Each structure stands twice: as structure tokens, then as C-alpha cells.
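Coordinate inspection notes
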Amino acid sequence: MLCSMGRDMSMEVRVEAFNALGKINVVSEDILLQTLSKRVLAITKEKRSLGQCPAEQFEILASNVAGVLVHGLEDEFYEVRKSACHSLCTLTIISAEFAGEALNLLMDVLNDDSMFVRLEALETMLHMATYGHLKVQGTHMHMFLGTLLDSNTLIRSATRRILKLVKLPNIELFRLSFDSLIENLEKHPQDEADIFSVLFHTGCNHGKFVVSTINEASEEIDQASEGKLGFDSTRVAALLVLAISAPLSHGEHFCSIPPRIFSYAVTLLGRISRALTDIMDQNALLAYLSQCSISTTFSATELNIRRGEPCLPVANIEIPNDSSNEINGSTRTSLQQEKDGASELQSWTMREPLELAAPLGGSQVEVHDEVMKPINLILAKVKDIWSSIHSGFTNEVLRTLRNFKEELATFTSDSVGTIGAVAFTLQYLQVIKQLAKVWEHFLPAKKLCSSGLGELDLVLGKLDMRLRELRSTFTGLSKEQELQILELVLLTCTLRLCKVEICCHFATLKKLSTTVSRVESILKSATIEPTIFISEVGKLLCLNETSSSEASCNPFMFKELLKHFSLSQFVLCGRLDQIKAELTIPDNDSENPLPFVSRLPVGIPCDITLHNTSNENKLWLKMSMDDESTQFVFLDLNLYGSSDKVRKFTYVVPFYKTPNAISFTLRVCIGVECLFEDVLSVKKYGGPERELTYLCQEKEVHLSMISAH
């Protein structure tokens, strides 16, 4: 019955039918195989000949089941194709033979026009790999590895997650995968940290292949050490990451990689350590490389590497115990056979990845919403591009952020909480964009044009504005999330204080002090450890309070703080709501202006819709003709209902400064007062006490003087 609904005329019904198929846990393997073939299979006909059901009923059942998943994966609507892919997650666990046949279809799906469908296909393959049912033939390799060059960062990331699990049968496929990862790195340098992580895990799973590859490439690496190529070469850097993983291989073979290779890897310590934060910190990595660079020939046991135990006395590196793998006993058998030289594998045999240490900050957050998951993947990638920002690859960073923005534009969930999360992520990307532009001015080797200072002040102002919007227009942020935003505020203040030419030190120091006070309040109320950057800012601020005013403005002291900053990963969980407004002026345009009398007040009818506001918010309606003629009107929310999620009302706003002119245009918008900001030193009469964050686009109001009769 479910299969018959998979061909229903309604797209929504087909989606639900495949969703339901994906929840089936017990079904005959013969029926599963029939769903992948549009022709009735021989084994199905045998059941008819055995008289298991009447001929007429058999024809109906066979026609309903035959090729239903093929139809689903070829459906004209991407929602149906995505649902059909998802249904395979559970069904491929039931039967290994079915999984093998389904994989042929999934490989074709990797060319789908929809990012959501391609991503779902890769997630299904990852699920199959986890249960040991992903056996990709050599003919699939080029199509599979081609997704590493996809323009979509989520697709590339999902492919690399699968590569972390894979056990390759021969060195040819191993090197093909290695070359594809290098091509991925050359085309998308912002993926470096994730690619280095994949290379390291892959090397741990293929020790013999790594040793062979590195020994053949040792001359190339030596040339780089002599300055002929340079360790910044993409290929050489990848080879070094691959090389240092060999001693951690689960095999019992000896690692014969020359010790000097590990010494070369020290030159890339920062880049490699950023990729291996889930396994070891930078100090542990340095200790590990130092120990490996001493020995000429060594094994895992000589390095104190034991499964399930720290691999070095000084390094917190975890190598999992294979016996803990409860879901893939057949995988261990295949691996053992390969080690004994008794197996000629014709397909990839999947294995469990290295168990990663829990990242600092607690356990991973489970995200169930289908949109929240890719949003958090994007936010994880934003963290990864910090190294590119720090190195000055601004154009590449901005291109990557544009790709992220385009991906977010494809999210169509109607969930209110999800809408807020998408809006927050878009705003966060704007913050990182401005930060990348600001950081470009602080690179020692960067030569900017003579107008660089004025441009820096402008970009810093935009960064301030974007951070204000994050803090004042979203509700539902956790203490940890607020702390991450405040750290960016501290960074912005520090960047301002680094420049002698920017004459706003007193106001910036005051804002820095206010922000630090808020940070300390959060740290006291929540069990959160401050970052090194936050701690160092607090120390310097305390030092400045006891020193002279001249010392407190020393830019070199603040420039030292920048060395301690590193972008933290933002993880969205729970519901976020965006405070926003909609403003319309009914029946008004250039051809239908509102009438007014010069020098007398005029009423401007405004249809206003407010979302997620509370009575504690201070909203202002700003009206301006030019920079000099500006008027603010306070919106008392107590007069317009309770704190509902959506409030709609009409308000006739009086404008008092009508000019002596035949006509004029008024710009109107709604803003919320940033209560966390300091009170303005100069406040216009009747206006807000603090800076405003605007909740809607400016609307033009056209007015024309009443003709005298």
C-alpha cells in the first residue's frame, strides 16, 4: 500500500509515503530488491508459481512494488527525491545485498540539481558505512570523489566525513583519494583544516599505504625543506600531514618513515594543530612530533601507543579500541584477513572512524530539525575559515561567505524557530565579513592604499553596527552564545585601540570596560570557562585602571592581545526569535502624495506590524528629510496589546517640521534602542538616549502642499 502511494498524483502524498517506507524495520529481502527494479524479478515470479498468492493479487502487488524507489529517486520534485533517499537509510540496514544495489542509484543521485538531494544521498551513504553496508566498487570512485569539488561546502564536508570511515583495498585507490583531496584543497583553500583532519584519519587507517607513498615522495619533501618548493605548497603540506599519521596506524607493521619528515612537519605546527583539535592540542602535537623525529625505525608500541590508551605520556591522544565496535563485526573480520594477506578485496570495506575526544564545552548538541543541521554545519565551516582570515586570504573568505549565504537562501522551512536561526546565521555571516575586511588592515605584509585609514574606520563602524544588531534583535540566545558575541565586541574594541590614528580611545575604553563587566557577570552566573583572549583583555583592563591615562592608550599593548584571539564555533540549539518590524504607508506614492500645509504639523498614517517584541523594548519611529531635519517619536508598546509574538496596529505619526516647499519626501523607519549601550553624550531633544538598531527598511513618504483656492 505504501509503495502504491509512492506513485500518487499528489507530491505531498508521495513525500509522506517514502517517509513512511523509511520507518519500516522488518521486510522481506525479495520485496526490497523488487523496489529497485521496474521489471518483475525472477525470484518474485517464483513466489507466484509456488502459489503463495492468487495470480490477480500477485499482479497488483508486483506492480505496486516494482521500481518504486527508482521512481522516487527520479521524481520531478526534489522533496520527493530527498524523501526517497532518506528512506534508504533504514532499508539498507536490513539487507546488505539491497544496500549494494541501492548504492548504484545513489551514485547517480550525486549529480542531482538539488543540493538537498545530493546532501541526503551522502548522508545515506554515511549511514550505510556506519553499519558496514557501504561497498563502493572501483567504478564508483571517480563519481564519488568528484563531489569533493562541488561548489557547495556542505556537500564537500559530507564527502570528507565518509572518507574518514573508508578502508581502501589497494594503494591505487588510496592515492586517487589523496589526489582528489589535494584538488579539493587547491580549489577551496578554506577547507584546509577539515582536509588535513581527513588526511590524518585516513593515514591512521592505511599505515602501509602511507609509508609507501611518503618514501616515494621523500625527495619532493626534501626539496621543499631546502626552499625549492616551500612548505606552503599544497601537496607538500598534505604529504606531511599524511606522514605524521603513520605511527598511529592500527597495524603492527613498523613505520619506516625518515625521522626528518616529522621535523619538517613542525614548520606547519599551527595549521596542523587547528585541524587536529578533536584529537590533541598544539603542545601534545609538538611533543609527538619531537618524539617521532628522534627514532629512525619504530612501531606503535615503541611510541607507547596502545588501543584505548594515551599514545604519549605527554600527549592527550586517544586511539580507540577496535573491540568497542559493536555494530560492525564483519568489518573487523575483513581487516584481519587483509592483515594476514588472505583477502583480495574488490570493494571498499568500511570501518569505524577514530573516536574523537569530546570538544571543549561539553557534549555535542543534538539537532533534529532538518534545517538546523546544515545551519550548524555552515557555522562549523565559518570557524574553519578563521585561519584564512588570519593569513590574509580575504577574497577567498568573502567568496566562501557568499556561498554560505546562497546556501542559506535555499532553506525553505516554515518553522518559526528555524526562520529566526536562518536570520541569525545570515547576520553572523555579515559580522565575519566585516571582521575579515578589518583584519586585512592589521596584516604586517599588507600594503593598503593611502585611504586605508578612512576605510578602516568605516569598516569598523559597520562591524560595530552588525554586532549591535546581533545583540539587540534576537531573543533566545544562551549564556554561552551571548558570551561568544561579547568576545567579538571585545575584539572590535581592541582593534580600534590598536590604531593610534583613530581618535576615539576614551569612548572605546569605556565600552571595553562595560563589555568586560557583562562578560564577568555571565561567567559568574554560568559554568563557562573564559577563552584566553577574554582573560587577557580583563588583565590588561585591570592594569590600565591602575596606570596613567597615557599608558592606557598605548596601542602596542592592545595589539599584543590579537595574538590570543581565535574564532570559536557557534552552535545553534533551541529556538531563536528575531525582533523585526514591517512598516507600510497605505495609498501613498509619488502619484498619490499626502497633503500638508507648510509650517504646520502633518499626520503620517503608518500600518505597523511588530514581531517578537516585549513591553521592555524601547521602540522609536524615526522621520527625516535630511541629516539636519530629523524627528523621533516614541512607540509606547503598552498601548498596543500584550507581549504577543505579532502585534498589528495603525498609528498616525505627527511630523512637525514641514518645510516651506511645494512638495517633499520623508524617510520613515522603526528602530529599537540598544539598552546595553552607554547613554549618548549628545542627545537630540526628544530622541533616544542610546544607539538605535533599525528593524525595517526605510520607507519613503511623499507629501504635496495643499493648493490655495
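For the structure given in this document, a descriptive report is provided here. The structure presented is a predicted model; accordingly, all values stated were derived computationally and were not measured. (Residues numbered from 1 in each chain as written. Predicted model: local features only at pLDDT ≥ 70, side-chain atom pairs only at ≥ 80, totals over all residues. Heavy atoms only, no water.)

Let us look at the overall build of the chain. Within the chain, the regular secondary structure consists of 29 helices and 15 strands. Put simply, the chain has 709 residues, and 51% of those count as buried. Sequence separation of 24 or more characterises 73% of the internal contacts of the chain that already satisfy a separation of 6 or more. As displayed, the chain has an accessible area near 33,600 Å², and 52% of this comes from carbon and sulfur atoms. (Helix = DSSP H or I, 4+ residues; strand = E, 2+ residues; numbered from the N terminus. Buried < 20%, exposed > 50% of the residue type's maximum accessible area, 1.4 Å probe, protein only. Contact = heavy atoms within 4.5 Å. Areas by Shrake-Rupley, 256 points an atom, 1.4 Å probe, with all protein chains shown as cover.)

Glancing now at a nonpolar patch on the surface. A contiguous nonpolar surface patch, about 250 Å² in accessible area, is contributed by Val597, Leu600 and Ile706. Position of Ile706 among the secondary structure elements: in the segment after strand S15 (699–705). (Patch = residues over 30% accessible without salt bridge, like charges linked within 9 Å, V, L, I, M, F, W, Y side chains within 5 Å. Salt bridge = Lys/Arg side-chain N within 4 Å of Asp/Glu carboxyl O.)

Quick look at the side chain of Arg118 now. Following the sequence through the fold, Arg118 ends up in helix H9 (residues 115–130). By relative accessible area, Arg118 is classed as buried at 11%. A distance of 3.3 Å separates a polar atom in the side chain of Arg118 from a polar atom in the side chain of Asp150. Leave out the neighbours within four places in its chain, and Arg118 touches Val109, Leu110, Asp112, Asp113, Asp150, Asn152 and Ile155. (Polar contact = N/O pair within 3.5 Å; in protein donor to acceptor, adjacent residues only side chain to side chain.)

Summarising the element assignment, Leu408 is placed in helix H22 (residues 394–409). Considered as a pair, Leu408 and Val422 are 14 residues apart in the sequence and their alpha carbons are 6.7 Å apart. Apart from residues lying up to four places away in sequence, Leu408 is in contact with Ile375, Ile378, Val422, Thr425, Leu426 and Leu429.

Right, let's get into the packing of aromatic side chains. In total, this model carries 13 aromatic pairs according to the counting rule given. An aromatic cluster of at least three residues, connected via ring pairs, comprises Trp386, Trp439, Phe533 and Phe565. Over the ring of Phe676 we find Arg471, and its NZ or CZ is 3.9 Å from the ring centre. (Phe/Tyr/Trp six-rings, centres within 6.5 Å; stacked < 30°, edge-to-face > 60°. Lys NZ or Arg CZ within 6 Å of the ring centre and 35° of its normal.)

As a further point, take the packing of helix H8 (residues 96–109) against H9. Pairs of packed helices are described in terms of their axes, by the angle between the two and the distance that separates them. Packing of H8 against H9 brings their axes to within 9 Å, and their N-to-C directions diverge by 155°. Classified by the interaxial angle, the pair formed by H8 and H9 is roughly antiparallel. Crossing angle aside, the handedness with which H8 passes H9 is left-handed. Of the residues in H9, those touching H8 at Ala99, Leu103, Leu106, Met107 and Val109 are Val117, Arg118, Ala121, Thr124, Met125 and Met128. (Axes fitted to C-alpha atoms, helices over the stretch in contact; angles between N-to-C directions. Parallel < 35°, antiparallel > 145°, perpendicular 65-115°, else oblique. Left-handed = near helix turned anticlockwise from the far one by under 90°.)

In this section: the sheet that holds strand S12 (residues 646–655). Strands sit in the order S7-S9-S12 across an open sheet of three strands; the sheet is antiparallel. The open sheet has two edge strands, strand S7 (580–584) and S12, and neither has a second partner. The average undirected angle you get between the axes of adjacent strands in this sheet is 30°. Of the pairings in the sheet, the one linking strand S9 (residues 602–611) to S12 comprises 10 bridges and is antiparallel in character. Note on S12: the bridge partner recorded for Val602 is Phe655. (Pairing = 2+ DSSP bridges.)

Attention now moves to helix H20 (residues 372–384). The terminal C-alpha atoms of H20, which comprises 13 residues, lie 19 Å apart, in line with the 18 Å expected from a rise of 1.5 Å per residue. Judged by how many residues are buried, H20 sits mostly within the fold: 10 of 13 residues are covered. (Expected span 1.5 Å × (residues − 1).)

In this section: the state of the cysteines. Tallied over the full model, the rule gives zero disulfides. With no disulfide of its own, Cys85 lies 8.6 Å from the sulfur of Cys89, the closest cysteine sulfur. Cys85 gets classed as buried once you look at its relative accessible area, which sits at 0%. (Disulfide = S-S within 2.5 Å.)

In the Ramachandran plot, Arg599 falls in the positive-phi region, its phi being about 70° despite a non-glycine side chain. Mapped onto the elements, Arg599 comes out in the loop between strand S8 (594–596) and S9. Classification of Arg599 as exposed rests on a relative accessible area of 58%. Positive phi is not limited to glycine here, since Asn612 has a value of about 60°. Note on placement: Asn612 falls in the loop between S9 and strand S10 (619–624).

Here we take up the pattern of salt bridges. One side chain can pair with another of opposite charge once the charged atoms of both are near each other. Applying the stated rule across the entire model yields 27 salt bridges. Note that Arg690 is salt-bridged to Glu673, the shortest N-O span being 3.4 Å. Of this pair, Arg690 sits in the loop between strand S13 (663–673) and strand S14 (692–694) while Glu673 is found in strand S13, placing the two residues 17 residues apart along the sequence. Through salt bridges that share partners, Arg156, Arg160, Asp191, Asp194, Lys381 and Asp384 make up one connected network.

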